[in-house]
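What follows is each chain in one-letter form.
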There are 2 protein chains.
Amino acid sequence: MENPTLELLLNRRTIRAFKPQTLTTEQLNTLMEVARQAATSTFLQQCSVIHVTDAQIRSQIRDITTQSYVGANGDLFIFVIDLYRNQQIRHQKGETDGRLHAMDVFLQAMEDTVLTAQNVTTAAESMGLGCVFLGSIQNDAQKMIELLNLPKMTFPLLGLQVGVPDQQPQIKPRLPLKFRTFENQYDYHYELADLADYDEQIHQYYDLRDTNRRVDTFTHQIAQKLTTSLAKRDQILTVLHQQGLCLE
Amino acid sequence: MENPTLELLLNRRTIRAFKPQTLTTEQLNTLMEVARQAATSTFLQQCSVIHVTDAQIRSQIRDITTQSYVGANGDLFIFVIDLYRNQQIRHQKGETDGRLHAMDVFLQAMEDTVLTAQNVTTAAESMGLGCVFLGSIQNDAQKMIELLNLPKMTFPLLGLQVGVPDQQPQIKPRLPLKFRTFENQYDYHYELADLADYDEQIHQYYDLRDTNRRVDTFTHQIAQKLTTSLAKRDQILTVLHQQGLCLE
């Protein structure tokens, strides 16, 4: 089973090195039209996209992410969970906030936002561009809110750096499907021994990867990565509450 | 700017009527391989997919969603936020839960899950199949957890019904880009008057749509929809906490 879209989705990889050029106006317009057409939960359209072109703001976002390629070559977008617009419409219609502060409405808005970010990424890749998602903007969510002048009832969820690829990384091997997919009911049984082959595969991947000499396994990463975090990552729930989100 | 992937993304629409047939094994395998290759935040791979084939479980999920097409023609998938697998790996490595109960790790896992759901949808659409996302499984998240035998540290986020389309709906007009996209900083100013043209466009769309005679506007929907909910939608934060998620 083959078609150009499947080819993209089955061979996708993150690009972190871009040529020193920005997107064309036509490329930008197409990406934003794709963003506009993404699926939206109960038609609430609760996502906004900010294109960051200002050199100072880009530089400050780069500092937050601590990733040198952020806001450098290519174009930087921030995908924003946006319940503010609907709050304003409700107020101007004489309605209260209703359920805008509830968790399930936040989940709906976050779904809209991630669906949009993925479609923009797929569209960019179909044009021969490369992309890297930037969850790293969560290193300081409050600072991101200030930089982008975001009102309460919004939250900057994901960044995306898009540009002309200047590298051709290998595909990173994923967990075997038997650990990721189930029929009818979840299967509780994971054994480290069953993950040994996959650990070896990941070890070889890192060993071969010429950009980085880290030699590691998947289970070792899981044991290490989720242990500690940058201090401000612990404040995300507080920031969400300050923004009026996830309160009930 | 044209290519088959952009064509799909720019013309996407939700399909809610399917022919009475299931996916082929080859289609199913391809969709699950696409799921496996989706981007994943800091390589934590925190999404699982459940293919629901059991007639009784499908029927019970249909009842939860109150949508007649759910679990009927075609195939039903549930996309699960999954921090359980990594918790098990950590425990077997002699580690504590670490930050698995924190909000930012939940956001990462939810991102993985929605990115995966979108890529499976795009892949299905590229094969000529149609899809409808089912946020409606949130009508009773606790019941979904029981039906799918989901352990703590998981959460059933989104359903997806996929099948051979038996309808050709129009594209639903989206908000103009000036309300959805900004350069550098968020623009706070929304005026109902500025939305009048869009309200008229939505009104005409509903007027023409042959499957439904509802005649409505966007701002009217926003004023109405977010006001009340099914009782169990108010319990989602409680269910997330019971599952061990979003606690700090």
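Residues numbered from 1 in each chain as written. Chains lettered and ligands numbered in written order. Predicted model: local features only at pLDDT ≥ 70, side-chain atom pairs only at ≥ 80, totals over all residues. Heavy atoms only, no water.

Chemist: Help me get a handle on the overall build of chain A, residues and values and all.
Modeler: Helices and strands together make up the secondary structure of chain A, namely 9 helices and 5 strands. For chain A, the succession of helices and strands along the chain, N to C, is α-α-β-α-β-α-α-β-α-β-β-α-α-α. Against the 2.2 N^0.38 benchmark of 18 Å for 248 residues, chain A shows a C-alpha radius of gyration of 20 Å, consistent with a compact globule. When its C-alpha atoms are laid out on the principal axes, chain A stretches across 60 × 45 × 45 Å. Each of the 248 residues in chain A was classed as buried or not, and the buried ones make up 60%. In chain A, once contacts between residues fewer than 6 apart in sequence are set aside, the share between residues at least 24 apart is 77%. Summing over all exposed atoms, chain A offers an accessible surface of approximately 9,500 Å²; the carbon and sulfur share of this is 46%. (Helix = DSSP H or I, 4+ residues; strand = E, 2+ residues; numbered from the N terminus. Rg over C-alpha atoms; globule rule 2.2 N^0.38 Å. Buried < 20%, exposed > 50% of the residue type's maximum accessible area, 1.4 Å probe, protein only. Contact = heavy atoms within 4.5 Å. Areas by Shrake-Rupley, 256 points an atom, 1.4 Å probe, with all protein chains shown as cover.)

Chemist: Outline the side chain of A:Asp104, supporting the account with residue identities and numerical values.
Modeler: Relative to the helices and strands, A:Asp104 is located in helix 5 (residues 103-126). With a relative accessible area of 4%, A:Asp104 lands in the buried category. In this structure, A:Asp104 is in contact with A:Arg99, B:Arg233 and B:Ile236, ignoring residues within four places of it in sequence.

Chemist: So what's going on with the relation of the copies chain B and chain A? Which residues, and what values?
Modeler: One copy of the chain maps onto the second through a rotation about an axis and a displacement along it. Least-squares fitting of chain B to chain A yields an RMSD of 0.0 Å, with the superposition described by an axial translation of 0.0 Å and a rotation of 180°. When the rotation and shift are considered jointly, the pair of chain copies conforms to a two-fold rotation axis. If distances are taken from each C-alpha of chain B to the rotation axis, the shortest is found for B:Thr5, at 2.7 Å. (Least-squares fit on C-alpha atoms with pLDDT ≥ 70 in both.)

Chemist: Please give an account of the interface of chain B and chain A that cites residues and values.
Modeler: With 119 residues of chain B in contact, the opposing surface of chain A contributes 118 residues. Taking both partners together, chain B and chain A bury about 10,800 Å²; carbon and sulfur atoms supply 61% of that area. Two residues, A:Arg233 and B:Asp104, come together in a salt bridge whose shortest N-O distance is 3.2 Å. Across the contact surface, chain B and chain A share 71 residue pairs in polar contact (both at pLDDT 80 or more). Of the residues forming the side of chain B that touches chain A, the biggest block, 15 residues, is contributed by helix 5 (residues 103-126) of chain B. Looking at the side of chain B that touches chain A residue by residue, the class counts come to 62 nonpolar, 33 polar and 24 charged. Two strands pair when backbone bridges link them, and strand 1 (residues 47-52) of chain A and strand 5 (residues 181-183) of chain B are joined in this way by 3 bridges, in the parallel orientation. Within strand 5 of chain B, the residue paired with A:His51 across the bridge is B:Glu183. (Buried area = accessible area lost by both parts, 1.4 Å probe. Salt bridge = Lys/Arg side-chain N within 4 Å of Asp/Glu carboxyl O. Polar contact = N/O pair within 3.5 Å; in protein donor to acceptor, adjacent residues only side chain to side chain. Nonpolar A, V, L, I, M, F, W, Y, C, P; charged D, E, K, R; others polar. Pairing = 2+ DSSP bridges.)

Chemist: Lay out the packing of aromatic side chains in plain terms, naming residues and giving numbers.
Modeler: The final tally for this structure, using the stated rule, is 20 aromatic pairs over all chains. Arranged with centres 5.8 Å apart and planes meeting at 85°, the rings of A:Tyr186 and B:Tyr84 form a pair that is edge-to-face. One end of the pair, A:Tyr186, is in the loop between strand 5 (181-183) and helix 7 (196-208); the other, B:Tyr84, is in helix 4 (residues 84-92), on a second chain. The class for A:Tyr186 is buried, based on a relative accessible area of 3%. Classification of B:Tyr84 as buried rests on a relative accessible area of 9%. Here a set of aromatic residues connected by ring pairs shows up, and it is made of A:Tyr84, B:Phe179, B:Phe182, B:Tyr186, B:Tyr188 and B:Tyr190. Above the plane of the ring of B:Phe43 lies A:Lys172, whose end atom (NZ or CZ) is 3.9 Å from the centre. (Phe/Tyr/Trp six-rings, centres within 6.5 Å; stacked < 30°, edge-to-face > 60°. Lys NZ or Arg CZ within 6 Å of the ring centre and 35° of its normal.)

Chemist: Describe the UniProt feature "domain: Nitroreductase" (unreviewed entry) in chain A, listing the residues and the values that go with them.
Modeler: Mapped onto this structure's residue numbering, the UniProt feature "domain: Nitroreductase" (unreviewed entry) falls at residues 10-163 of chain A. With 42% helix and 19% strand, the stretch residues 10-163 of chain A has end C-alpha atoms that lie 20 Å from each other. (UniProt positions renumbered as here; feature names shortened; annotations may be inferred.)

Chemist: Any details on the nonpolar core? Residues and values, ideally.
Modeler: Formed by 163 residues in total, the largest nonpolar core has its most connected members in A:Ile61, A:Met103, A:Phe106, B:Ile61, B:Met103 and B:Phe106. Discounting residues that sit within four places of it in the chain, B:Ile61 has contacts with B:Val52, B:Val70, B:Leu76, B:Ile78, B:Ile137, B:Met144, B:Leu147 and B:Leu148. (Core = buried A, V, L, I, M, F, W, Y, C linked by side-chain atoms within 4.5 Å.)

Chemist: Run through unusual backbone geometry, naming residues and quoting values.
Modeler: Residue and element names in this part refer to chain B. With a phi close to 60°, Thr 66 is a non-glycine residue in the positive phi region. One can find Thr 66 in the loop between helix 3 (55-65) and strand 2 (75-82). The backbone of Cys 246 sits at a positive phi, close to 60°, despite the residue not being glycine. Tracing the sequence through the fold places Cys 246 in the segment after helix 9 (236-242). On the accessibility criterion, Cys 246 (2% relative accessible area) is buried.

Chemist: Quick rundown of the packing of helix 2 (residues 25-37) of chain B against helix 5 of chain B? Include the residues and the values.
Modeler: Residue and element names in this part refer to chain B. Packing of helix 2 against helix 5 brings their axes to within 8 Å, and their N-to-C directions diverge by 145°. Seen from above, helix 2 lies across helix 5 with right-handed handedness. Between helix 2 and helix 5, the contacting residues are Leu 31, Val 34 and Ala 35 on the first element and Thr 116, Asn 119, Val 120, Ala 123 and Ala 124 on the second. Of the residues belonging to the contact of helix 2 with helix 5, the class tally is 6 nonpolar, 2 polar and no charged. (Axes fitted to C-alpha atoms, helices over the stretch in contact; angles between N-to-C directions. Left-handed = near helix turned anticlockwise from the far one by under 90°.)

Chemist: Tell me about the side chain of B:Gln87, and name the residues and values.
Modeler: Residues and elements named next belong to chain B. When you line up the elements, Gln 87 lands in helix 4. For Gln 87, a relative accessible area of 10% gives the class buried. Not counting the four nearest positions on each side in its chain, Gln 87 is found in contact with Asp 97, Leu 100 and Met 153.

Chemist: Could you give me a rundown of the pattern of salt bridges, with the residues and numbers involved?
Modeler: In total, this model carries 12 salt bridges over all chains according to the counting rule given. A salt bridge links B:Asp234 to A:Arg99; the shortest N-O distance between them is 2.7 Å. Residue B:Asp234 is located in the loop between helix 8 (218-225) and helix 9, and its partner A:Arg99 is located in the loop between helix 4 (84-92) and helix 5; the two belong to separate chains.

Chemist: An account of the confidence of the model for chain A is needed here, citing residue identities and associated values.
Modeler: Averaged over chain A, the pLDDT score is 95; the fraction of residues at 70 or greater is 98%. We note a pTM of 0.97 for the whole complex and an ipTM of 0.96 for its interfaces. (pLDDT = per-residue confidence, 0-100.)

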